[in-house]
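# Results of the structural survey
Below, each chain spelled out in residue letters.
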Amino acid sequence: FCLMAASGKVSAFHLPPLPTVGEIIKLFRLKAQKQLSQNFLLDLRLTDKIVRQAGELKNAHVCEVGPGPGGITRSILSAGVEELLLIEKDARFIPGLQMLSEAAPGKVRIVHGDILTYKMEKAFPKHLKKNWEDEPPDIHIIGNLPFSVSTPLIIRWLENVSKKDGPFIYGRTQMTLTFQKEVAERLTANPGGKQRSRLSIMSQHLCTVENCFVIPGQAFVPKPEVDVAVVHFTPLVQPKIQQPFELVEKVVQSVFQFRRKHCFRGIETLFPENGRLKRTEELMMTANVDPTLRPFQLTMSHFRNLCNSYRKMCDEDPGLFVYNYREELRQKKMRKLLKSTSQPKEIEEEDQL
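Residues numbered from 1 in each chain as written. Predicted model: local features only at pLDDT ≥ 70, side-chain atom pairs only at ≥ 80, totals over all residues. Heavy atoms only, no water.

## Here we look at helix 8 (residues 245-255)
Residue pairs spaced three or four apart in an α-helix point in one direction, given the helix's 3.6 residues per turn. A large share of helix 8 lies buried, amounting to nine of its 11 residues. Residues of helix 8 that are buried: F245, L247, V248, E249, K250, V251, V252, S254 and V255. Each element contacted by the buried residues of helix 8 is listed here: helix 5 (147-163), helix 7 (198-204), helix 9 (263-267) and helix 11 (300-316). (Buried < 20%, exposed > 50% of the residue type's maximum accessible area, 1.4 Å probe, protein only. Helix = DSSP H or I, 4+ residues; strand = E, 2+ residues; numbered from the N terminus. Contact = heavy atoms within 4.5 Å.)

## Regarding the environment of P137
Within the secondary structure, P137 is located in the loop between strand 5 (108-112) and strand 6 (139-143). Judged by relative accessible area, P137 falls into the buried class, the value being 2%. Setting aside chain neighbours within four positions, we find P137 in contact with L128, K130, Y170, G171, R172 and T173.

## Section: the pairing of strand 4 (residues 83-88)
In terms of residue burial, strand 4 counts as a mostly covered element, since six of its six residues are buried. Because side chains alternate across strand 4, one face comprises the buried residues E83, L85 and I87, and the other comprises L84, L86 and E88, equally buried. Inspection of the sheet shows strand 3 (residues 61-65) paired to strand 4 by five bridges, in the parallel sense. Bridge pairing links H61 to E83 in strand 4. Each parallel crossover has a hand, and for strand 3 linked through helix 3 (residues 71-78) to strand 4 it is right-handed. The pairing of strand 4 with strand 5 spans five bridges and is parallel. Looking across to strand 5, one finds that L85 is bridged to R109. Handedness of the crossover joining strand 4 and strand 5 through helix 4 (residues 94-103): right-handed. (Pairing = 2+ DSSP bridges. Right-handed = clockwise from strand over helix to strand, strands pointing away.)

## Digging into the UniProt feature "binding site: S-adenosyl-L-methionine" (unreviewed entry) in the chain
Taken from the UniProt record, the annotation "binding site: S-adenosyl-L-methionine" (unreviewed entry) applies to N39, L41, G66, E88, D114 and N144. On the secondary structure map, G66 appears in the loop between strand 3 and helix 3. Relative accessible area serves as the criterion here: at 28%, G66 is assigned to the partly exposed category. The residues touching G66, leaving out its near neighbours within four places in the chain, are I87, E88 and N144. (UniProt positions renumbered as here; feature names shortened; annotations may be inferred.)

## Regarding the pattern of salt bridges
All chains considered together, the criterion is met by 14 salt bridges. The closest approach of N and O atoms between R92 and D90, which form a salt bridge, is 2.8 Å. Given the relative accessible area of 11%, D90 is considered buried. Each of E159, K163 and E246 takes part in salt bridges that share partners, so that together they form one network. (Salt bridge = Lys/Arg side-chain N within 4 Å of Asp/Glu carboxyl O.)

## Description of the packing of helix 8 against helix 11
One way to put it is that helix 8 packs onto helix 11 with a least axis distance of 10 Å and a crossing angle of 115 degrees. Between helix 8 and helix 11 the crossing geometry is right-handed. From helix 8, L247, V248, K250, V251, V252 and V255 reach across to helix 11, where they touch F303, L306, C307, Y310 and R311. Grouping the amino acids of the contact of helix 8 with helix 11 by side-chain chemistry returns nine nonpolar, no polar and two charged. (Axes fitted to C-alpha atoms, helices over the stretch in contact; angles between N-to-C directions. Left-handed = near helix turned anticlockwise from the far one by under 90°. Nonpolar A, V, L, I, M, F, W, Y, C, P; charged D, E, K, R; others polar.)

## Focus: the packing of aromatic side chains
Summed over the entire model, instances satisfying the criterion amount to four aromatic pairs. With 5.5 Å between their ring centres and 85 degrees between their planes, F124 and Y170 make a pair best called edge-to-face. Highlighted residues: F124 in the loop between strand 5 and strand 6 and Y170 in the loop between helix 5 and strand 7 (174-180), separated in sequence by 46 residues. An angle of 65 degrees between the planes, with centres 6.1 Å apart, marks the rings of F179 and F233 as edge-to-face. One end of the pair, F179, is in strand 7; the other, F233, is in strand 10 (residues 228-235), and 54 residues separate them in sequence. When its relative accessible area of 0% is taken as the criterion, F179 is described as buried. It is K49 that lies over the ring of F213; its NZ or CZ is 4.3 Å from the centre. Positioned over the ring face of F93 is R92, at 5.2 Å from the centre of the ring. (Phe/Tyr/Trp six-rings, centres within 6.5 Å; stacked < 30°, edge-to-face > 60°. Lys NZ or Arg CZ within 6 Å of the ring centre and 35° of its normal.)

Pasting the structure below:
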């Protein structure tokens, strides 16, 4: 359901005196739930710092993901936004957010729902739409994401960037999000870096990705076992790999499947067992990739060449793209298992005879 504050916007906006975030937590007896990987940020200096990374928010439209007790929410409202959409899955936080909504008449919309299923393409007014080649629209996504949802959510949004749908139907919408420090390092890792991974390629080929700053774990309540980093994303006008998202993801996943081995070992998994070696050699030769490089040593140009060459092979053999290495392995194991279970029976029957 959706709750909206009373209309009547104010010209120069300042939040009236309110209970502190800590007092809100006590007032509504809010306790962070471990299974939802919730961690509250109470220090308003830090929430202000996160919001500053988003850029100029005066008169902007902002969607905050998982506002919880509303620490970052206050900082966003204090930045003078035109409208703030809050998407919160946990019903326990709604009353505290309504209090903020009443303190900022006409500026806050609260949606009790899951960001993974919420239709972001209808979240903002149509007049805010800009062409992809233009400057980013006056729309921002900001969120202190629970660890459990951060990686699947950013992959979902990167796919939206690639297809220019979801929150990117309005143009190159910017995102300012929190991740575990290690995940943030993967998102921004350069070739040869120990954190270089699938996330590095998928994010950097579609966006400018900036690791802004690190928040120590002790700043959160309850204190997580890891530090947290704030990452800013701006979609690129032209992706670095001009191929469909699914194809890029399949190639990148395959390459990083055997991270510590030579890259040809992962690339092999793109092809069925019959003719695997020959086709792997063909792909690596046309893509001009040294088969003895490790996956984390490959540059964006290497991945672009691999994706372009693989696409040509798929166009020549339409059944190739649907091939699944893991499924082939599973079927192989099943056949082995069936063979081994049928043998003792035959011996048993012979014994009986």
